[in-house]
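# Chain and residue survey
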Amino acid sequence: MDGEEHVRQAYASILSGDYEQAIRAFERAIAAEPENPAHHHKCSITCMRSALWAKALMHAEEAVRLAPDQAEYRYHLAAVRARIAVEEAKSGLASADPDYDSVIAGLRLALELDPLLDEAWLLLAAAYGALGRYGEAARAAREALRLNPAHGEAKRLFADYRRRDRRMRGRKTHQ
């Protein structure tokens, strides 16, 4: 069976909601045609949807290695790296004693790679807020809200951090 037949099977699996089977079909396509960057790219997208970050990264990197001039593959690789940075930031924030500077640096990297990642902006707002840097927190929450105007948590954080920033600036002017 050629790679394209495996890709068709992968798409059928995706349509039926079976992403694990789709990944296996993409991997069979890759085994049949290992130098085909499109197979790696498609497999990476499906792995990313399934939060299989290491596998998504490996296939995205391979697609770019095989077709470095393909802008779509480079963009996807950046998106995978950004999502991985966000996942690492989430872990960092969930730790018993978060290293906020490290979390912020990771989120800044994620946003350099994918500035449209509203979740990274929201986490950045939370990290700044935890440090009492309410102006920066409000700006990050506002950016998340700009990207996703219906995001309830972004609305709540923006209002909260903006209020806290105003209150903090008000105290400084009265001292």
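About the criteria used
Residues numbered from 1 in each chain as written. Predicted model: local features only at pLDDT ≥ 70, side-chain atom pairs only at ≥ 80, totals over all residues. Heavy atoms only, no water. Phe/Tyr/Trp six-rings, centres within 6.5 Å; stacked < 30°, edge-to-face > 60°. Helix = DSSP H or I, 4+ residues; strand = E, 2+ residues; numbered from the N terminus. Buried < 20%, exposed > 50% of the residue type's maximum accessible area, 1.4 Å probe, protein only. Core = buried A, V, L, I, M, F, W, Y, C linked by side-chain atoms within 4.5 Å. Contact = heavy atoms within 4.5 Å. Polar contact = N/O pair within 3.5 Å; in protein donor to acceptor, adjacent residues only side chain to side chain. Expected span 1.5 Å × (residues − 1). Patch = residues over 30% accessible without salt bridge, like charges linked within 9 Å, V, L, I, M, F, W, Y side chains within 5 Å. Areas by Shrake-Rupley, 256 points an atom, 1.4 Å probe, with all protein chains shown as cover. Salt bridge = Lys/Arg side-chain N within 4 Å of Asp/Glu carboxyl O. Lys, Arg positive; Asp, Glu negative; His and termini not counted. Charge placed at Lys NZ, Arg CZ, Asp CG, Glu CD.

Moving on, we get to the packing of aromatic side chains. A full pass over the atoms with the stated rule returns two aromatic pairs. Both rings, one in Tyr 11 and one in Phe 26, keep their centres 6.0 Å apart while their planes meet at 85°; by these two values the pair is edge-to-face. In this pair, Tyr 11 is assigned in helix H1 (residues 3-15) and Phe 26 in helix H2 (residues 19-32), connecting sequence segments 15 residues apart. You can call Tyr 11 partly exposed: its relative accessible area is 37%. For the pair Tyr 134 and Tyr 161, a centre-to-centre distance of 6.1 Å together with 20° between the ring planes defines the contact as stacked. Separated by 27 residues along the polypeptide, Tyr 134 in helix H8 (residues 134-147) and Tyr 161 in helix H9 (residues 152-174) bring together distant segments of the chain. With a relative accessible area of 15%, Tyr 134 lands in the buried category.

Before going further, it helps to spend a moment on the nonpolar core. By size, the foremost hydrophobic cluster in this structure holds 29 residues, and its most contacted members are Val 86, Leu 107, Ala 110, Ala 120, Trp 121, Leu 124 and Tyr 161. When residues no more than four places from it in sequence are discounted, the contact partners of Val 86 are Leu 107, Ala 110, Leu 117, Glu 119, Ala 120 and Leu 123. In this structure, Ala 10, Cys 43, Ala 63 and Ile 84 belong to the second largest nonpolar core, which totals 22 residues.

Note on placement: Arg 83 falls in helix H5 (residues 71-94). Only 2.7 Å separates the side chain of Arg 83 from the side chain of Glu 119, close enough to count as a polar contact. If we ignore the near neighbours within four places in the chain, the residues touching Arg 83 are Met 48, Trp 53, Lys 90, Leu 117 and Glu 119.

Here we take up the side chain of Asp 165. Relative to the assigned elements, Asp 165 resides in helix H9. A polar side-chain atom of Asp 165 sits 2.8 Å from a polar atom in the side chain of Arg 169. Look past the residues within four positions of Asp 165 in its chain and what remains in contact with it is Tyr 134 and Gly 135.

Here we come to unusual backbone geometry. The backbone of Ala 51 sits at a positive phi, close to 60°, despite the residue not being glycine. Its location among the elements puts Ala 51 in the loop between helix H3 (37-49) and helix H4 (53-66). Since its relative accessible area comes to 41%, Ala 51 is described here as partly exposed.

Over its 14 residues, H8 runs 20 Å from end to end, which matches the ideal 20 Å to within 8%, given 1.5 Å per residue. Among all positions in H8, only Tyr 134, Gly 135, Ala 137, Ala 138, Ala 140, Ala 141, Glu 143, Ala 144 and Leu 145 are buried.

Our focus in this paragraph is a positive patch on the surface. Taken together, the side chains of Arg 139, Arg 142, Arg 162 and Arg 166 define a basic patch exposed on the protein surface. Summarising the element assignment, Arg 162 is placed in helix H9.

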